[in-house]
Amino acid sequence: SLDNNINIENIVVDISFSKSKCFNVFKNIKLLALCFTYLYSFGIELTIYSNLPILLKIEDSISLNKKILLVFAFSTINLLGRPIGGYISDKNYELFKIIGKIKIILIFISSTAICGSILNNFMQTLNNSDEKYSHLLLLIILWSLSNNLLQGTIIGIIPHMDSSNMGVILGIIASFGSIGGILGNITFIMCDDYTALKIINIFGVITFMINTFILL
């Protein structure tokens, strides 16, 4: 249905756990689409925490203080991005019902992939100039903001997918985020640094396509 309502009574009784609830998540193709979306989104976050200094070649071009500021900016944006993403998701539901939440997810997936691609291209030409560093800081903030807005919208739509299975769904989707971080770091180990980030951005485009065909 395009007007999926949250059943509060189902959420209240969701404290009971069973194996069938786990299997039901993997049988729901819409929930699997959200799993892969969170794999992409939270995977970016975990991967960049450990690989941003490598990408920036900070030992040659950026001071330690500037490096810390970049990582700090990327990581603290989630304090604002996730709740704002959830709020935007809920406001879109008020206006457009479930289709509004779906479309806002697609918007933030595409904007995250675009920001990641722009950032990747910019970092390959980075030198030690203050002007370029300020641009880099802005791109980092925009990328992290878009990504955390996406995470907020993912959480915002989950109750509409299956309100009788909330606890298990949240646990499984969260585990996909951790898997995304593992896969992202493996990509950096196996590929050239900028190629690895390019692959992550390409996966963002694939995620957009998956959600377009499954959720819409």
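This text goes with the structure placed above it.
Computed from a predicted model, the values in this text were never measured in an experiment. (Residues numbered from 1 in each chain as written. Predicted model: local features only at pLDDT ≥ 70, side-chain atom pairs only at ≥ 80, totals over all residues. Heavy atoms only, no water.)

Draft legend 1. Spotlight on the packing of helix 2 (residues 19-27) against helix 9 (residues 166-190). Contact pair helix 2 / helix 9: the axes reach a minimum separation of 9 Å and the direction vectors enclose 60°. Looking at the two axes, helix 2 sits oblique to helix 9. Seen from above, helix 2 lies across helix 9 with right-handed handedness. Along its contact with helix 2, which presents Lys21, Cys22, Val25 and Phe26, the element helix 9 presents Val168, Ile169, Ile172 and Phe176. Residue composition of the contact of helix 2 with helix 9, by class: seven nonpolar, no polar and one charged. (Axes fitted to C-alpha atoms, helices over the stretch in contact; angles between N-to-C directions. Helix = DSSP H or I, 4+ residues; strand = E, 2+ residues; numbered from the N terminus. Parallel < 35°, antiparallel > 145°, perpendicular 65-115°, else oblique. Left-handed = near helix turned anticlockwise from the far one by under 90°. Contact = heavy atoms within 4.5 Å. Nonpolar A, V, L, I, M, F, W, Y, C, P; charged D, E, K, R; others polar.)

Draft legend 2. Highlighting the nonpolar core. Ranked by internal contacts, the top residues of the largest apolar core, which has 50 residues, are Leu34, Ile48, Leu136 and Trp143. Going through the elements one at a time, helix 3 (29-56), helix 5 (64-76), helix 7 (98-123), helix 8 (130-161), helix 9 and helix 10 (193-215) are the ones with two or more residues in this core. The leading source of residues in this core is helix 7, at 12 residues. (Core = buried A, V, L, I, M, F, W, Y, C linked by side-chain atoms within 4.5 Å. Buried < 20%, exposed > 50% of the residue type's maximum accessible area, 1.4 Å probe, protein only.)

Draft legend 3. A look at the pattern of salt bridges. Within this structure, the stated rule accounts for three salt bridges. Between aspartate 90 and lysine 101 there is a salt bridge; the shortest N-O distance is 3.1 Å. In this pair, aspartate 90 sits in helix 6 (residues 78-96) while lysine 101 sits in helix 7, placing the two residues 11 residues apart along the sequence. Taking relative accessible area as the criterion, aspartate 90 reaches 41% and is therefore assigned partly exposed. Looking at lysine 101, the relative accessible area reads 2%, which means it is buried. (Salt bridge = Lys/Arg side-chain N within 4 Å of Asp/Glu carboxyl O.)

Draft legend 4. Up close: a nonpolar patch on the surface. A contiguous nonpolar patch, built from Ile179, Ile182, Leu183, Ile186, Ile189 and Met190 and spanning about 630 Å² of accessible area, is present on the exposed surface. Tracing the sequence through the fold places isoleucine 186 in helix 9. (Patch = residues over 30% accessible without salt bridge, like charges linked within 9 Å, V, L, I, M, F, W, Y side chains within 5 Å. Areas by Shrake-Rupley, 256 points an atom, 1.4 Å probe, with all protein chains shown as cover.)

Draft legend 5. The packing of aromatic side chains, seen in detail. The tally for this structure, following the rule as stated, stands at five aromatic pairs. Summarising the aromatic geometry, the rings of tyrosine 40 and phenylalanine 203 are spaced 6.2 Å apart at their centres and angled 55° between planes, so their arrangement reads as tilted. With a gap of 163 residues between them, tyrosine 40 in helix 3 and phenylalanine 203 in helix 10 connect regions that are remote in the sequence. According to the relative accessible area criterion, phenylalanine 203 is partly exposed, its value standing at 26%. (Phe/Tyr/Trp six-rings, centres within 6.5 Å; stacked < 30°, edge-to-face > 60°.)

Draft legend 6. Examining the environment of alanine 196 more closely. When you line up the elements, alanine 196 lands in helix 10. Along the backbone, alanine 196 and isoleucine 186 are 10 residues apart, and their C-alpha atoms lie at a distance of 9.1 Å. Not counting chain neighbours up to four residues away, the residues in contact with alanine 196 comprise Thr187, Phe188 and Cys191.

Draft legend 7. Expanded view of unusual backbone geometry. Notably, lysine 97 is not glycine yet its phi reads approximately 65°, a positive angle. Looking at the element boundaries, lysine 97 is found in the loop between helix 6 and helix 7. Its relative accessible area of 35% is what places lysine 97 among the partly exposed residues.

Draft legend 8. Local environment of the environment of isoleucine 154. Of note, isoleucine 154 is situated in helix 8. Assessed through its relative accessible area of 0%, isoleucine 154 is described here as buried. Measuring from C-alpha to C-alpha, the distance between isoleucine 154 and serine 89 comes to 8.6 Å, with 65 residues separating the pair along the chain. Leave out the neighbours within four places in its chain, and isoleucine 154 touches Thr37, Tyr38 and Ile105.

Draft legend 9. Just the environment of tyrosine 87, in detail. Mapped onto the secondary structure, tyrosine 87 falls in helix 6. Taking the relative accessible area as the measure of exposure, tyrosine 87 reaches 54% and is therefore exposed. Spatially, the C-alpha atom of tyrosine 87 lies 9.4 Å from that of leucine 149, the residues being 62 residues apart in sequence.

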